[in-house]
Amino acid sequence: MTTVEGSLLTEDDMEIMRILHNAFRRDAARLVTVAERFGTVDAETHDAVLLGWHGFSSGLHHHHTIEDDHIWPHLRDKLADRPDDLAVLDDMESEHSLIDPALAAIEAAFDDPETGRDEVAERIDGLLTLLAGHLAHEEKDAFPLMKGWLTTREWAVINRTAMKELSFSEIAELGPYILDSAPPPDVRRVLAEFPAPLRLVHRFWWNPRYQRARRWE
Ligand SMILES: [Fe+2]
């Protein structure tokens, strides 16, 4: 459908969201290893875990903030007379509201040298259960609402607004974070979204710097 607001999002537009979700799944798998080894690693490895963790937790928190502040409200206006669809958005918000405290609980555990391995493992397990359920639920029920109701023009405005809420250093980390260990087609798809000058900045500055830092392991 084409309107004055542009055409509706396509499956290809949703690819970026899918790739971002997969970046969170990648780090969820890394957190399983952290849960197994917590308390048995040397100080440098612990620092690497914290660096990886902060990239993941801030990326996830920011992603949820964009959805809660910009994407769901935009959809709510359009879906005002569709109670079943509104219920999906209610679910998305309530799932987010459970994930944020689970992130904070792990952060607190990492900060407290007295926390035992079992406690850390339990908190990580709690987060990963919530996260896996939420990502799958969003992809199944909320992605079709985005694709079915948002236009490319609205999507561009949402993305621009979201980028403005990031600091320069957060923007510099975001591309390398999403593309860390991503398959080549996903890398090409995400970089295609970057303006040409930023692709160069990513290639020669942001990504090498991101890769140099020791994360997770
Ligand atoms: Fe999402």
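Here, the structure is the one placed above.
This one's a predicted model, so the numbers in the text were calculated from it and none came from an experiment. (Residues numbered from 1 in each chain as written. Predicted model: local features only at pLDDT ≥ 70, side-chain atom pairs only at ≥ 80, totals over all residues. Heavy atoms only, no water.)

**Notes on the nonpolar core**
Of all hydrophobic cores here, the largest spans 35 residues; its most connected members are Leu 31, Trp 53, Phe 56, Phe 110, Ile 124 and Leu 127. Of all elements in the fold, only helix 1 (11-37), helix 2 (43-78), helix 3 (83-111), helix 4 (117-149), helix 6 (168-179) and helix 7 (184-191) reach the threshold of two or more residues within this core. The element best represented in this core is helix 1, accounting for eight residues. If sequence neighbours within four positions are ignored, Leu 127 has contacts with Leu 31, Trp 53, Phe 56, Ile 99, Ala 102, Leu 103 and Ile 106. In this structure, Leu 9, Leu 145, Ile 158 and Ala 162 belong to the second largest nonpolar core, which totals 20 residues. (Core = buried A, V, L, I, M, F, W, Y, C linked by side-chain atoms within 4.5 Å. Buried < 20%, exposed > 50% of the residue type's maximum accessible area, 1.4 Å probe, protein only. Helix = DSSP H or I, 4+ residues; strand = E, 2+ residues; numbered from the N terminus. Contact = heavy atoms within 4.5 Å.)

**Focus: the packing of helix 2 against helix 4**
Relative orientation and spacing of two packed helices are given, respectively, by the angle between their axes and the distance between those axes. One can describe the packing of helix 2 onto helix 4 by two numbers: an axis separation of 12 Å at closest approach and a directional angle of 35°. Remark: the crossing between helix 2 and helix 4 carries left-handed chirality. Across from Trp 53, Phe 56, Leu 60, His 63, His 64, Glu 67, Ile 71, Trp 72, Leu 75 and Lys 78 in helix 2, the residues of helix 4 making contact are Leu 127, Leu 131, His 134, Glu 138, Ala 142, Leu 145, Met 146 and Trp 149. Among the residues forming the contact of helix 2 with helix 4, the class breakdown is twelve nonpolar, three polar and three charged. (Axes fitted to C-alpha atoms, helices over the stretch in contact; angles between N-to-C directions. Left-handed = near helix turned anticlockwise from the far one by under 90°. Nonpolar A, V, L, I, M, F, W, Y, C, P; charged D, E, K, R; others polar.)

**Brief notes about the coordination of the iron ion**
Around the iron ion, the protein contributes the donor atoms His 21 (NE2), His 63 (NE2), Glu 67 (OE), Glu 138 (OE) and Glu 138 (OE), at 2.0 to 2.8 Å from the metal centre. Coordination of the iron ion draws on donor residues from a single chain, spaced H-x41-H-x3-E-x70-E in sequence. Taken together, the residues span a long stretch of sequence, with Glu 67 in helix 2 and Glu 138 in helix 4 at a distance of 71 residues. A relative accessible area of 0% means that Glu 138 is categorised as buried. (Donors = N, O, S within 2.8 Å, 3.2 Å for Na, K, Ca; no water.)

**Quick look at the layout of surface pockets**
Counted as a void, the largest pocket has a volume near 900 Å³. Lining the largest pocket are 31 residues, and of these Ile 16, Asn 159, Met 163, Leu 174 and Glu 193 lie nearest its centre. Ranked by residue count, the leading element in the lining of the largest pocket is helix 5 (residues 152-164), at eight residues. Across the lining of the largest pocket, the residue classes tally to 21 nonpolar, six polar and four charged. Secondary-structure elements contributing two or more residues to the lining of the second largest pocket are helix 2 and helix 6. Looking at the lining of the second largest pocket element by element, the count peaks at seven residues for helix 2. (1 Å grid on protein atoms, 1.4 Å probe; cavity = no way out; pocket = protein on both sides within 12 Å on 5 of 7 lines; lining within 4 Å. Points joined across faces, edges and corners; volume = space filled by probe spheres on them.)

**Thoughts on the packing of helix 1 against helix 4**
The contact between helix 1 and helix 4 brings their axes to 9 Å, and the two run at 170°. Classed by the angle they form, the pair helix 1 and helix 4 counts as roughly antiparallel. Residues belonging to the contact of helix 1 with helix 4 are distributed by class as follows: 17 nonpolar, one polar and eight charged. (Parallel < 35°, antiparallel > 145°, perpendicular 65-115°, else oblique.)

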